[in-house]
Amino acid sequence: LIALVAINAGQSSSFVVMYFFMVPITFALCSALFLAFHYVTGAMTEASCSRVSLVHHVVAMILGLWVHWQHWERVREDASFGANDDFPSAVVLQHFNIGYFLYDSVHVAVWDQKWLIHHCVALAGYTTSEMAGVFALANAVNTWVTELGSLMYSTYLTLRLPWMYTLFVVFYTISRVYFAIWSYTVLCQVWHALFKAGTPARAATAYPSWAPYCAATLQVSLLVVNLIFLLTHWRKLCKKYAGSSRTAAARKED
């Protein structure tokens with residue numbers, strides 16, 4: 001956080017070297033948090049993982065919103081293919097996310113393999129952004145939208161009030177609609193980049209020729225993963241109300 005503030009205070013050149021240190025630092029901090037929750041507080045393995053994830057959800061969502069607000073005037077036009085160097089705070093957030101997903105992939109591989117595809121898609125998005133030198137700002141928007149959904153679900157799991165699941169599904173649906181609209185914006189930027197290929201404007205932009213195809217593939221993959229989660233939650237909600245209806249009908253018959 002101090003690095004982010006200093007970067008935006010005009011000291012970005014002093015912190016460029018620190019960017020990649022965010023990956024091992026985040027990995028180490030998340031690992032230390034897990035060990036503290038597990039051994040100091042006595043929480044079970046699953047609960048310790050969930051608590052570390054909750055910390056990441058909150059921090060990543062706040063930083064993602066801040067980056068989006070900071071560069072809002074460039075999001076619609078340059079989020080996908082503006083140079084990462086133009087958005088140093090987005091790069092720091094990206095490295096923070098890489099460190100977390102590398103840490104959590106260890107737990108996913110051992111205990112919760114259903115999240116493996118999700119983590120692979122996320123890491124692919126972040127690492128190819130680093131390779132291409134673009135898409136960091138788009139990833140920042142992706143981060144706060146997806147982490148908002150994760151935070152809402154974690155809140156429900158923590159409280160587990162009967163009416164909260166319905167509320168969660170409704171607000172999660174709204175957030176996924178926004179994410180679908182945002183994904184359309186990204187795909188429009190991809191189309192524009194491909195349409196401009198070979199022109200002087202395209203030649204002046206420093207990103208590889210495969211970047212638009214990669215950006216489109218990963219954005220669609222992320223959208224599909226989120227829509228699958230949304231469909232899963234709607235199925236659970238429908239089953240819940242169907243079960244309640246059957247129980248109420250049985251009571252009337254009695």
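The structure we're discussing is the one just above.
A. Examining unusual backbone geometry more closely. In this model, Phe 135 sits at a positive phi of 80°, which is unusual for a non-glycine residue. For Phe 135, a relative accessible area of 8% puts it in the buried group.

B. Fine view of the pattern of salt bridges. One pass over the structure, following the stated rule, counts 2 salt bridges. For Asp 78, the salt bridge goes to Arg 74, with nearest N and O atoms at 3.2 Å. Here Arg 74 and Asp 78 lie together in helix α4 (residues 72-78), a separation of 4 residues that amounts to about one turn. Among the residues examined, Arg 74 registers a relative accessible area of 25% and is labelled partly exposed. Of the charged contacts in the structure, one is a salt bridge between Arg 74 and Asp 86, with a shortest N-O distance of 3.6 Å.

C. Layout of the side chain of Ser 80. Secondary-structure assignment places Ser 80 in the loop between α4 and α5 (88-110). Within the local environment of Ser 80, its side chain forms a polar contact with the side chain of Gln 189, the two groups lying 2.6 Å apart. Those residues in contact with Ser 80 that lie beyond four places of it in its chain are Val 134, Phe 135, Ala 138, Val 186 and Gln 189.

D. Here's a closer look at the nonpolar core. One finds Phe 81 and Trp 182 to be the most contacted residues of the largest nonpolar core, which totals 37 residues. Looking at this core, the element that brings in the most residues is helix α7 (residues 136-159), giving 8 residues. Grouped together as the second largest cluster of nonpolar side chains are 13 residues, Ile 98, Phe 101, Tyr 103 and Tyr 126 included.

E. Summary view of the side chain of Thr 173. Note that Thr 173 resides in helix α8 (residues 164-195). Excluding its chain neighbours within four sequence positions, the residues that come into contact with Thr 173 are Leu 230 and Trp 234.

F. Layout of the packing of aromatic side chains. Here the structure, examined in full by the defined rule, presents 12 aromatic pairs. Residues Tyr 100 and Phe 101 carry aromatic rings whose centres are separated by 5.2 Å and whose planes lie at 70° to one another, so their mutual orientation is edge-to-face. Take Tyr 100: its relative accessible area is 3%, and that puts it in the buried class. Plain terms: the ring middles of Phe 168 and Tyr 172 are 5.3 Å apart, the flat faces sit at 35° to each other, and that makes the pair tilted. Taken together, the residues span about one helical turn, with Phe 168 and Tyr 172 both in helix α8 at a distance of 4 residues. According to the relative accessible area criterion, Tyr 172 is buried, its value standing at 5%.

G. Here's a closer look at the packing of helix α6 (residues 116-132) against α7. Here α6 crosses α7 at 160°, and the two axes come no closer than 10 Å. In terms of orientation, α6 and α7 fall into the roughly antiparallel class. Considering how the two elements wind past one another, α6 and α7 form a crossing that is left-handed. Here α6 contributes Gly 125, Tyr 126 and Ser 129 to the contact with α7, which in turn contributes Ala 136, Asn 139 and Thr 143.

H. Summary view of helix α2 (residues 22-40). For α2, spanning 19 residues, the distance from its first C-alpha to its last is 25 Å, which sits close to the expected 27 Å at 1.5 Å a residue. All of the buried residues in α2 are Met 22, Val 23, Thr 26, Cys 30, Phe 34 and Phe 37. The buried side chains of α2 occupy one side of the element, clustering within an arc of 105° when seen end-on. Away from its buried face by more than 90 degrees, α2 exposes Tyr 39 and Val 40. Buried residues along α2 sit against α3 (45-70) and α5. The positive-phi residue at the C-terminal boundary of α2 is Gly 42, with phi of around 80°.

Reading guide: rules and limits
Residues numbered from 1 in each chain as written. Predicted model: local features only at pLDDT ≥ 70, side-chain atom pairs only at ≥ 80, totals over all residues. Heavy atoms only, no water. Buried < 20%, exposed > 50% of the residue type's maximum accessible area, 1.4 Å probe, protein only. Salt bridge = Lys/Arg side-chain N within 4 Å of Asp/Glu carboxyl O. Helix = DSSP H or I, 4+ residues; strand = E, 2+ residues; numbered from the N terminus. Polar contact = N/O pair within 3.5 Å; in protein donor to acceptor, adjacent residues only side chain to side chain. Contact = heavy atoms within 4.5 Å. Core = buried A, V, L, I, M, F, W, Y, C linked by side-chain atoms within 4.5 Å. Phe/Tyr/Trp six-rings, centres within 6.5 Å; stacked < 30°, edge-to-face > 60°. Axes fitted to C-alpha atoms, helices over the stretch in contact; angles between N-to-C directions. Parallel < 35°, antiparallel > 145°, perpendicular 65-115°, else oblique. Left-handed = near helix turned anticlockwise from the far one by under 90°. Expected span 1.5 Å × (residues − 1). Arc of directions from axis to C-beta.

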